[in-house]
Amino acid sequence: MSGVSLDVKKGELVALLGRNGSGKSTLIRHFNALLSLQEGELIVGGIDASGKKNIWDLRRLSGMVFQNPDNQFVAPVVFDDVAFGLENYLVPREEIPTRVEKALDAVGMKGFENRAPHTLSGGQKQRVALAGVLAVEPDIVIFDEATSMLDPRGRSEVLSIIRQLHESGKTIIMITHYIEECVSADRVILMDSGKVVCSGAPENVLTDRERLKSAGMMPPMPVRVYYDLLERGVQLDRCPLTEEELTELLCR
Amino acid sequence: MSITTERIVYRYDRESPAEEAVLKGVSAEIKEGLITAIMGKTGCGKSTLIQVMAGLLDAESGRVMVDGEDICDRGFDRTALRAKLGVVFQYPEKQLFETTVAKDVGFGLKHLDMTDEEKRANIRWALEIMGFDPDEVGGKSPLGLSGGEKRRLAIAGVLAIRPKYLILDEPVAGLDPFGREKFIHLLKKLKKDGTGIAIVSHNADMVAECADRVIIMSDGEITMTGDTKDVFRDMESVAQAGVDVSAARRIAHALRTRGIGVSPDTIRYDDLISEIVRVSERGGK
């Protein structure tokens, strides 16, 4: 990190984009004190994240889902796994079952309480990992490439839950290398070399071919098609962000 | 020359109540000088199949032939197989453990019959082909590298043995777009040198860009196999197996259903661009 300044609003869905080694994962690991702040200032939901004094408040406030579903299980069955975090936060014993049920319901995994994690599909595992995070009732949920190991169905399952969480008012920060997943974010933040390169609406950041390129990223496929066609003398009415828009424009 | 499986059956937890057949008679072939993609949803048996191919799991029945030799034969030299066949598992970066980058890449060479000079040359070659400057990173600790760099380093460790066959499980997950592009370039280069490559991947765009052939698995069986464009042409069957086709194929299909005459063989990005240009030059639609 070399002087990162950014501001994420409550309820925003922000996609964090950048090449390998650009500092995305390092950045978000400061948000819940997995890494401690060396310099600068960081306030998460009004809580000062410098020093070690507020670690547990920070971790309760923001939960994280990581890339590999298999690394995130600590218990032999789904119920215990989701309950694990709650025990750490001294949630009263009698309250735990309701919290677990609610969390499993939110990710569409009710009925899987007694299943062993290894019998689940990739998407199901990630949803259970997410339920473990949601049970703690964080205001902020952070996804660090949570879809990159999943098959197409698993990916769309997780993405649709991310959207639901966003609609329910949670603040979402997602890191992804599938730039197509950034299209529906409220805002895209592009990072490179430990700095924020730019931040803005998807239609601005994701269509800026030169800037993305200099940050080691590629625009979404429809944007690339737009520019490559332009170079070959085919002009579309505007630059599309999704495959559907692209098809629509091509049919005109 | 090839790796061929013949009617492989494999069960987990054999003779226990949890017994489950994950490979139900799988016959597949990984040919020298070609890239073969193995696709299918989570749990379809892809990863088990490649472990059987690499001689890391022993099938209950069926044969695995590597260059015409049955690797399950008593007399077969498994050490020789290790020098011939490299496997890159998911999250290979977790397998880094040596104190320096050069030592880590050279680890697999320790027990191979090579002079120190040859080993050093192989390490250099593997680091360079994976985009590292051997003089710059050779002495560094692997643990100080970024996630993407660790991935490349781990792959370099497998390439250093100069395997004739290379099997990779989800090699591009977690790589950024240029990392993916470079990786595809690398696979094509290795293929040109005659390496037989198998990649297990959910990433249909990558498969369309580099794979010559596709094997689609579903529930422990092969449901489709053939040239990539032939397999991706049958979108319905591919979708049934829970697999994506490439974005280029999807768009070509959408355009065709709207009456625009792009070729149904359009599966790669560059082909999509040329097809659109071709059709528009022919006069609009």
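Note that the structure is predicted; figures quoted are calculated from it, not measured.

Enquirer: Lay out the overall build of chain B with the relevant residues and their values.
Expert: Secondary structure summary: chain B contains 12 helices and 10 strands in total. The C-alpha atoms of chain B give a radius of gyration of 20 Å, which matches the 19 Å a tight globule of 285 residues would have. For chain B, the C-alpha atoms occupy an extent of roughly 65 × 50 × 35 Å along the three principal directions. A buried classification covers 52% of the 285 residues belonging to chain B. Averaging the locations of the 41 positively and 46 negatively charged side chains of chain B gives two centres separated by 3 Å.

Enquirer: I'd like to hear about the packing of helix 3 (residues 78–88) of chain A against helix 4 (residues 96–106) of chain A, residue by residue, with values.
Expert: Residue and element names in this part refer to chain A. Their axes nearest at 9 Å, the elements helix 3 and helix 4 cross at an angle of 115°. The hand of the helix 3/helix 4 crossing is right-handed. The segment helix 3 lies against helix 4, with V78, F79, V82, A83, L86 and E87 engaging I96, P97, R99, V100, E101, A103 and L104. A class-by-class count of the residues in the contact of helix 3 with helix 4 yields 10 nonpolar, no polar and three charged.

Enquirer: How would you sum up the domain arrangement of chain B? Please name residues and give values.
Expert: All names here are of chain B. Under the domain assignment, chain B is made up of domain 1 (32–55 + 77–228) and domain 2 (246–285). Using only C-alpha atoms to locate each centre, domain 1 and domain 2 end up separated by 33 Å. On the side of domain 2, five residues touch domain 1, which itself brings five residues to the contact. Across the domain 1/domain 2 interface, buried area totals approximately 450 Å², and carbon plus sulfur atoms make up 50% of it. Area buried by domain 1 at its contact with domain 2 is led by D205, A208 and E209, which between them contribute 75% of it. Our count for the domain 1 to domain 2 interface comes out at zero salt bridges.

Enquirer: Break down empty space enclosed by the protein for me, citing the residues and quoting the values.
Expert: All names here are of chain A. Taken as a whole, this structure holds one cavity of 30 Å³ or more when the rule is applied. Lining the largest cavity are F143, E145, A146, T147, I162, M174, I175, T176 and E181. Here the lining of the largest cavity is composed, by residue class, of five nonpolar, two polar and two charged.

Enquirer: Can you explain the packing of helix 10 (residues 243–251) of chain A against helix 11 (residues 247–257) of chain B? Please cite residues and give values.
Expert: Interhelical geometry of helix 10 of chain A versus helix 11 of chain B gives an angle of 40° and a closest axis separation of 10 Å. Between helix 10 of chain A and helix 11 of chain B, the crossing angle belongs to the class labelled oblique. The interaxial crossing formed by helix 10 of chain A with helix 11 of chain B has right-handed handedness. Here helix 10 of chain A contributes E243, L246, T247, L250 and C251 of chain A to the contact with helix 11 of chain B, which in turn contributes A247, R250, I251, A254 and L255 of chain B. Taken together, the residues that form the contact of helix 10 of chain A with helix 11 of chain B break down as seven nonpolar, one polar and two charged.

Enquirer: How would you summarise the sheet that holds strand 7 (residues 165–169) of chain B if you had to cite specific residues and measurements?
Expert: All names here are of chain B. Read across the sheet, six strands follow the order 6-7-8-3-9-10 without closing on themselves; strand pairing throughout is mixed. Here the strands that pair on one side only, and so sit at the sheet edges, are strand 6 (85–88) and strand 10 (221–227). With direction set aside, neighbouring strand axes in the sheet form an average angle of 15°. Note that strand 7 and strand 8 (residues 196–200) share five bridges and pair parallel. In the strand pairing of strand 8, D169 is matched with V200. Strands strand 6 and strand 7 of the sheet are contacted by helix 6 (residues 147–159), whose axis makes an angle of about 165° with strand 6.

Enquirer: Please set out the packing of aromatic side chains residue by residue, giving values where relevant.
Expert: The geometry of an aromatic ring pair is captured by the separation of the ring centres together with the interplanar angle, meaning the angle of the planes. Tallying each qualifying case throughout the model produces four aromatic pairs over all chains. The interplanar angle of 80° and the centroid separation of 5.2 Å between the aromatic rings of Y226 of chain A and Y227 of chain A together place this pair among those described as edge-to-face. With a relative accessible area of 12%, Y226 of chain A lands in the buried category. Their ring planes at 80° and their centres at 5.0 Å tell us that F97 of chain B and F107 of chain B sit as a pair that is edge-to-face. Placement of F97 of chain B in the loop between strand 6 and helix 3 (101–106) and of F107 of chain B in the loop between helix 3 and helix 4 (116–129) is noted, with a sequence separation of 10 residues between them. For F107 of chain B, a relative accessible area of 34% puts it in the partly exposed group. Across the ring face of Y178 of chain A, the terminal group of R155 of chain A is positioned such that the distance to the ring centre comes to 3.8 Å. The lysine or arginine in question, R152 of chain B, covers the ring of F132 of chain B, its NZ or CZ lying 4.7 Å from the ring centre.

Enquirer: So what about the confidence of the model for chain B? Which residues, and what values?
Expert: Per-residue confidence for chain B gives a mean pLDDT of 92; residues scoring 70 or more make up 99%. Across chain B, the element-wise mean pLDDT spans from 87 in helix 2 (residues 78–84) of chain B up to 98 in strand 3 (residues 35–39) of chain B.

Enquirer: Give a detailed account of the interface of chain B and chain A, specifying residues and quantitative values.
Expert: Contact with chain B, which involves 37 residues of that partner, is made by 35 residues of chain A. Carbon and sulfur atoms make up 60% of the surface buried where chain B meets chain A, a total of about 3300 Å² over both sides. Looking only at chain B, the three residues that lose the most surface to chain A are Y91, F178 and Y269 of chain B, adding up to 18% of its buried area. Our count for the contact surface shared by chain B and chain A stands at two salt bridges. Residues E243 of chain A and R250 of chain B are paired through a salt bridge, measuring 2.6 Å at the closest nitrogen-oxygen approach. One can count eight residue pairs in polar contact (both at pLDDT 80 or more) joining chain B with chain A. Looking at the side of chain B that touches chain A, the elements that each hand over two or more residues are helix 7 (177–192), helix 11 and helix 12 (269–281) of chain B. If you tally residues by element for the side of chain B that touches chain A, the top one is helix 12 of chain B, at seven residues. For the side of chain B that touches chain A, the class distribution of residues is 17 nonpolar, 10 polar and 10 charged.

Enquirer: Pulling in residues and values, what's your account of the side chain of N32 of chain A?
Expert: Mapped onto the elements, N32 of chain A comes out in the loop between helix 1 (24–31) and strand 2 (43–44). Setting aside anything within four residues of it in sequence, one finds N32 of chain A in contact with L58, R59, S62 and M64 of chain A.

Rules and cut-offs
Residues numbered from 1 in each chain as written. Chains lettered and ligands numbered in written order. Predicted model: local features only at pLDDT ≥ 70, side-chain atom pairs only at ≥ 80, totals over all residues. Heavy atoms only, no water. Helix = DSSP H or I, 4+ residues; strand = E, 2+ residues; numbered from the N terminus. Rg over C-alpha atoms; globule rule 2.2 N^0.38 Å. Buried < 20%, exposed > 50% of the residue type's maximum accessible area, 1.4 Å probe, protein only. Lys, Arg positive; Asp, Glu negative; His and termini not counted. Charge placed at Lys NZ, Arg CZ, Asp CG, Glu CD. Axes fitted to C-alpha atoms, helices over the stretch in contact; angles between N-to-C directions. Left-handed = near helix turned anticlockwise from the far one by under 90°. Contact = heavy atoms within 4.5 Å. Nonpolar A, V, L, I, M, F, W, Y, C, P; charged D, E, K, R; others polar. Domains from an automatic or database assignment. Buried area = accessible area lost by both parts, 1.4 Å probe. Salt bridge = Lys/Arg side-chain N within 4 Å of Asp/Glu carboxyl O. 1 Å grid on protein atoms, 1.4 Å probe; cavity = no way out; pocket = protein on both sides within 12 Å on 5 of 7 lines; lining within 4 Å. Points joined across faces, edges and corners; volume = space filled by probe spheres on them. Parallel < 35°, antiparallel > 145°, perpendicular 65-115°, else oblique. Pairing = 2+ DSSP bridges. Phe/Tyr/Trp six-rings, centres within 6.5 Å; stacked < 30°, edge-to-face > 60°. Lys NZ or Arg CZ within 6 Å of the ring centre and 35° of its normal. pLDDT = per-residue confidence, 0-100. Polar contact = N/O pair within 3.5 Å; in protein donor to acceptor, adjacent residues only side chain to side chain.

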